[in-house]
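Topology and contacts: notes
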Amino acid sequence: MKKAWFHSVLKLLAIAAIPLLIYPIIDTIVIGWKLTDRQTPLELLHMEGWLFLGYGIGMLWYWIKQKRKKPFPKIVDKLVPYLGAVFPLVGAGLLHLTEWQGYVACVTVFSTILYLVGVRMPYITYGRILNPIVFYMTIASTFICFFILWYMKGQLAIDEKTLSYSMTPIVITYLIGLGIFALVRNQSNIDYMMERRKHKMESLPKKIRYYNVMLILGIFLLVVILYSFKDWIIEGVWFLLDLLRSIIVAIGWGIYYLFNLLPESEETGEEVGMDYQPLAPEGSSWNDSLELIFRLIVIAVFVFIFVLYGKRIWRALLEKLSQFKNWLVKLLGKNQFVKAFQNGSDYYSDEVSSVREEMDQEKLSESAKLTVRQWKKECRQYFKSADTPEKLKNGYGLLVEWLTLKGVDVCVSDTPKEILQKGERQLKPYSGKELTGDYERIKYHEKSLEQQQLAQMTSVLKQLVQNTK
Amino acid sequence: MEFLALIIVVAAILILQSVLFKKMSFKHLTYHCELSRDEAEEGDQIELIETVVNKKWLPIPWLKSEITTSKWLDFAGAQSIVTDQSRFVPSFFMVKSYQKVQRKWKVTCLKRGVFGLQKIVLVSTDLLGGATLSHPAKVDSQIVVLPKSLELEEVFLSPKYLSGDTVVKRHLLEDPFYFAGVREYTERDPMNKIHWLATAKQQKIMVHQNDYTSRQSFAVILNMQSMPYEVGKTVFAENVENCIRVCASIFDRTIAGQVPVSLFANTSIDGENDVISTESWGEEHVMELKRILAHLPLNSTEPYGEFLNMIYDGVSSTDVILVSSYLSEEILEFMRNKRYSGIHVTLYLTGFISGEELPDDCEIYCLADHFREEGEPSDEKSMVS
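Residues numbered from 1 in each chain as written. Chains lettered and ligands numbered in written order. Predicted model: local features only at pLDDT ≥ 70, side-chain atom pairs only at ≥ 80, totals over all residues. Heavy atoms only, no water.

Scanning chain A for helices and strands turns up 19 helices and two strands. Per-residue burial for chain A yields a buried fraction of 35% across its 469 residues. Considering only intrachain contacts with a sequence separation of at least 6, the fraction spanning at least 24 residues in chain A is 65%. For chain A, the exposed area adds up to about 31100 Å²; of that, 64% sits on carbon and sulfur atoms. (Helix = DSSP H or I, 4+ residues; strand = E, 2+ residues; numbered from the N terminus. Buried < 20%, exposed > 50% of the residue type's maximum accessible area, 1.4 Å probe, protein only. Contact = heavy atoms within 4.5 Å. Areas by Shrake-Rupley, 256 points an atom, 1.4 Å probe, with all protein chains shown as cover.)

This is the structure we're talking about:
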């Protein structure tokens, strides 16, 4: 695959993201030795430096091998770049001359590992550098670090202010690392989809990559916005945990009372669990039980409301969201209805346009269309109306509307006989011929209305209402 | 807890985007692919139009349509992959919310025949590669590519020039509708032929003079074998394709003169009957014949010699044109027999031939590129003894 410049940029970003994602590990080492994390950002920079040094030396060696006609012996090829490990081994020590030996040893080992990882980077694609396994491992290691520090706090009985993380740098570095991870995953996915069928990269329109990057940025912004509500999220998590605890306690209480209803055991002569109150903490009072019952009632009420009115609430919410979205679109509204012509390539041309107008027109025409529900409503009004000659005409109108609902193509210019012909199949079981004849007599020949005719029309319409779903 | 909140937000968004794309990528997304014309000629440029409409808020960040069509519809150049009979073309789209993209590919029809879009598959993915989705698209577009006409005078030459007296067919009866002038009355002339005005003028009895006319019509007999003793599938396809183009050229020439023309071919389109068309004239009829030529498969149902014998009595046109890739004794025999019956017979040869193989008594035209003078080394034998 011919490499483009952006592949090199993505690779550099992927390499830079590694220390960002393992920032909590670096932080833990620093706090573990120094009891404060003030030095962590500096250490992060050192780690980035050793990683890129390893990458630089690895790239240089790679370039030398490419230029040379004869390949080096295998041992030389393997060992030479690793000889550069002397830099972090000595350099890390020199940078931390005044520190404790243990701390220097930790930092030196870490720096050397990162250097050696950097040396391998020229041979790994950017997609494989930041793959999902690496991401999950960094999350897991972060939680392990938090646990280690919490454990150390407990063991050493140190106060809250020392031996604790500053969350802001951790979150910032993690967010940046995450953003790079998402970008790398997205672009490597595009490369994979192209390569798996051996498609040429030149055939991929350039704007696709750019648009994907924009979407990733959009998602990143969404993460940042949602993270700003972290307090609510934390409260929500606590609430859910509390709710779960309450449900478990309620189940426990339920089991406890059920056991109480059982008769005394004859063999042991012991009463079953009267003194045992499961899952209730020591010193719990009647107030706690009341609170638990109250919570359960509230939950039950919410569930009841949700089951009864859930759909309506959801529809109303969607409508509000749709209005908000339309407002946002109007506010931002760049070129929504403008036709844009774009020249695709030597082999094709593209024309891009918006379909909003077309969809709005479709919606308007759909809303103007008669629905079964509306027709039934009109029929109900018809049944309630007074018996007049007009009523028969209205009834005939409802009959024609029913035919259009059934898919018969009735035009405005059609005569009653033509409508009868078109809807012959549908009207056959409902004496359509007679109804059409009655209508014609009333409308064109101005004959007087007979009760029997009206009754027949009403009866047919009632049947149609019943049979139409 | 802050870190946990971050992880929860990230996990929720990742899962949501994956689920959304999985469920909604192909919903409210319409794809349509068609060729701009139903009919074209060899070498014509047409368009393949792809239309993708996304009628939802969710954008499609990457969409690929894998088009499989005949290799004889040339488009996409280096982007396409050509196999035995098919051409695979990937087409990449990026469709934003509520957007329509119409892509027009420039297509060249390389060869005559009936071609269509064989298969189209749509492939999409989510933003992070968690889900790959594919969906087949409906295809029902087809094009009939008609054979291209040749400039027969430029492409063909007649190595043997027939000179001297030519036998002309003389009719027994005069054409009563064709007046060539007036002449003096003879005893054999009927009274109704007297031209009274001319008689008054000349002061002697004058009569109408009618001339002899004959309505010209062509029968084109196409040979789908590229060499003698060929059974079934045609071996030298290009020679037979040239034969088909010659037929198309001849049909085109009959339009201006409104000359009736018919087509005979020793192959079958429906798998049952040989190709024998009706004799008619005009542009519509010629187009119909060209469509028949476009549908002709590259195989033969029987040897050309047998076919000529079979249709011998059925061919009653004034001019018979044989179009073949090779020359054989049966063809020459047919030509000579028809000539003796007073029918003008011409043969167009598209295969390799040498001067020594051509008889002197028959009108034969050879492809200039495939003719070698006497004594030149041969590339291909077309004459069967």
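Okay, the overall build of chain B next. In terms of helices and strands, chain B carries seven helices and 26 strands. Each of the 385 residues in chain B was classed as buried or not, and the buried ones make up 51%. Long-range pairs, those at least 24 residues apart, make up 69% of the contacts in chain B with a sequence separation of at least 6. When the accessible area of chain B is evaluated, it comes to approximately 19100 Å², of which 52% is carbon and sulfur surface.

Attention now moves to the interface of chain A and chain B. A common way to express how large an interface is: the accessible area buried when the components associate. The interface is formed by 56 residues belonging to chain A together with 45 residues belonging to chain B. Summing both partners gives a buried area of about 4800 Å² for chain A against chain B, and 71% of it is carried by carbon and sulfur. Counting across the interface, chain A meets chain B through three salt bridges. Our count for the contact surface shared by chain A and chain B stands at eleven residue pairs in polar contact (both at pLDDT 80 or more). Put simply, the parts of the chain that give the side of chain A that touches chain B at least two residues each are α8 (132-156), α9 (167-195), α10 (206-227), α11 (230-261), β2 (348-354) and α13 (356-368) of chain A. It is α9(A) that contributes the most residues to the side of chain A that touches chain B, 13 residues altogether. Looking at the side of chain A that touches chain B, its residues break down into 33 nonpolar, ten polar and 13 charged. Note: β2(A) against strand β8 (residues 99-109) of chain B, seven bridges, orientation antiparallel. Pairing of Val352(A) across the sheet is with Val101(B), part of β8(B). (Buried area = accessible area lost by both parts, 1.4 Å probe. Salt bridge = Lys/Arg side-chain N within 4 Å of Asp/Glu carboxyl O. Polar contact = N/O pair within 3.5 Å; in protein donor to acceptor, adjacent residues only side chain to side chain. Nonpolar A, V, L, I, M, F, W, Y, C, P; charged D, E, K, R; others polar. Pairing = 2+ DSSP bridges.)

Residues and elements named next belong to chain B. On average, residues of chain B score 84 in pLDDT, and 88% of them reach the 70 mark or higher. Predicted confidence is poor over residues 162-172, with pLDDT under 50, and the contacts of this stretch with residues over four places away or in other chains come to eight contacts. Both scores are available for the predicted complex, with the pTM at 0.70 and the ipTM at 0.70. (pLDDT = per-residue confidence, 0-100.)

Generally speaking, nonpolar side chains in soluble globular proteins are found buried as a group. Counting 71 residues, the largest nonpolar core has Phe110(A), Leu130(A), Tyr165(A), Tyr174(A), Leu6(B) and Trp62(B) as the members making the most contacts within it. At 14 residues, the largest contribution of residues to this core is made by α9(A). Ignoring sequence-local partners within four residues, the contact set of Tyr165(A) consists of Pro24(A), Asp27(A), Thr28(A), Ile31(A), Asp37(A), Cys145(A), Phe146(A), Leu149(A) and Ile170(A). Counting 30 residues, the second largest nonpolar core, distinct from the first, contains Leu48(B), Val89(B), Leu117(B) and Ile143(B). (Core = buried A, V, L, I, M, F, W, Y, C linked by side-chain atoms within 4.5 Å.)

Further remarks concern the packing of aromatic side chains. Residue and element names in this part refer to chain A. Enumeration according to the criterion identifies 21 aromatic pairs over all chains in this entry. Here the aromatic rings of Trp61 and Phe72 are separated by 4.8 Å at their centres, their planes lie at 20 degrees, and the arrangement is stacked. Pair noted here: Trp61 is in helix α3 (residues 40-67) and Phe72 is in the loop between α3 and α4 (74-83), with a separation of eleven residues, a long-range link. (Phe/Tyr/Trp six-rings, centres within 6.5 Å; stacked < 30°, edge-to-face > 60°.)

Tracing the chain through its elements places Lys230(A) in helix α11. Here Lys230(A) occupies a buried position and makes no salt bridge, while the nearest side chain of opposite charge, Asp231(A), is found at 4.6 Å. Discounting chain neighbours no more than four positions away, the residues touching Lys230(A) are Glu2(B) and Ala5(B). (Lys, Arg positive; Asp, Glu negative; His and termini not counted.)

Moving on to α3(A). Residues and elements named next belong to chain A. Counted at 1.5 Å a residue, the expected span for α3 with its 28 residues is 40 Å, and the 41 Å between its end C-alpha atoms agrees. All buried positions along α3 are accounted for by Thr40, Glu43, Leu44, His46, Met47, Glu48, Trp50, Leu51, Gly54, Tyr55, Gly58 and Trp61. For α3, the elements touching its buried residues are α1 (5-21), α2 (23-34), α4, α5 (86-95), α6 (101-120) and α9. (Expected span 1.5 Å × (residues − 1).)

Below, the discussion takes up a nonpolar patch on the surface. Residue and element names in this part refer to chain A. Side chains of Ile293, Ile297, Val301, Phe304, Ile305, Leu308, Tyr309 and Ile313 sit close together on the surface and give an oily, nonpolar patch of about 750 Å² of accessible area. Tracing the backbone shows Ile293 in helix α12 (residues 286-332). Ile293 gets classed as partly exposed once you look at its relative accessible area, which sits at 43%. (Patch = residues over 30% accessible without salt bridge, like charges linked within 9 Å, V, L, I, M, F, W, Y side chains within 5 Å.)

What follows concerns the pattern of salt bridges. Overall, the coordinates contain 25 salt bridges over all chains when judged by the stated rule. With its nearest N and O atoms 3.6 Å apart, the salt bridge here joins Glu41(B) to Lys290(B). One end of the pair, Glu41(B), is in strand β2 (residues 39-41); the other, Lys290(B), is in helix α5 (residues 283-295), and 249 residues separate them in sequence. Among the residues examined, Glu41(B) registers a relative accessible area of 26% and is labelled partly exposed. Judged by its relative accessible area of 4%, Lys290(B) is buried. Each of Arg197(A), Lys64(B) and Glu66(B) takes part in a single network of salt bridges with overlapping partners.

Moving on to unusual backbone geometry. All names here are of chain B. Phi is positive for Gln203, which is not a glycine, with a value near 60 degrees. Looking at the element boundaries, Gln203 is found in the loop between α3 (196-202) and β14 (206-210). Not every positive phi belongs to a glycine, and Tyr229 is a case in point at roughly 60 degrees. The topology assignment puts Tyr229 in the loop between β15 (218-222) and β16 (232-233).

Residue and element names in this part refer to chain A. There is a patch of like positive charges on the surface, built from Lys311, Arg312, Arg315, Arg373, Lys377, Arg380 and Lys384. Secondary-structure elements contributing two or more residues to the positive patch are α12 and α14 (372-384). The dominant element in the positive patch, judged by the number of residues it contributes, is α14, at four residues. As for its position among the elements, Arg312 is in helix α12. (Charge placed at Lys NZ, Arg CZ, Asp CG, Glu CD.)

Residue and element names in this part refer to chain B. Burial within strand β20 (residues 319-324) is extensive, with six of its six residues counted as buried. Residues Asp319, Ile321 and Val323 line one face of β20 and the alternating positions Val320, Leu322 and Ser324 line the opposite face, and both faces are buried. Pairing analysis gives five bridges linking β15 to β20, with the strands arranged parallel. For Ala219, the partnering residue across the bridge sits in β20 and is Val320.

The gaps of empty space that remain are located by a probe, the size of a water molecule, rolled over the atoms. Following the criterion strictly, the structure yields two cavities of 30 Å³ or more and no others. The volume enclosed by the largest cavity comes to roughly 150 Å³. Taken together, 14 residues make up the lining of the largest cavity; nearest its centre are Leu178(A), Ala182(A), Ile219(A), Leu14(B) and Leu128(B). At the level of elements, α9 and α10 of chain A together with α1 (2-24) of chain B are the ones that each hand at least two residues to the lining of the largest cavity. (1 Å grid on protein atoms, 1.4 Å probe; cavity = no way out; pocket = protein on both sides within 12 Å on 5 of 7 lines; lining within 4 Å. Points joined across faces, edges and corners; volume = space filled by probe spheres on them.)

Right, let's talk about the pairing of strand β7 (residues 86-95) of chain B for a bit. Residue and element names in this part refer to chain B. Most of β7 sits inside the fold, with nine of its ten residues counted as buried. Here strand β4 (residues 60-70) runs beside β7; their pairing, made up of nine bridges, is antiparallel. Paired with Leu63 across the two strands is Phe93, which belongs to β7. Looking at chain direction, strand β6 (residues 81-82) and β7 are connected through two bridges and run antiparallel. Directly across from Ile81, in β7, lies its bridge partner Phe88.

Take the environment of Leu127(B) next. Along the polypeptide, Leu127(B) turns up in the loop between β9 (113-125) and β10 (132-137). On the basis of relative accessibility, which here comes to 3%, the residue Leu127(B) falls in the buried class. The sequence separation of Leu127(B) and Leu14(B) amounts to 113 residues, and the corresponding C-alpha distance is 9.3 Å. Those residues in contact with Leu127(B) that lie beyond four places of it in its chain are Asn186(A), Asn212(A), Leu215(A), Ile216(A), Ile219(A), Gln17(B), Phe21(B) and Pro61(B).

Residue and element names in this part refer to chain B. Here the structure, examined in full by the defined rule, presents zero disulfides over all chains. Looking at Cys243, it has no disulfide partner, and the nearest cysteine sulfur is the one in Cys247, 7.0 Å off. On the basis of relative accessibility, which here comes to 0%, the residue Cys243 falls in the buried class. (Disulfide = S-S within 2.5 Å.)

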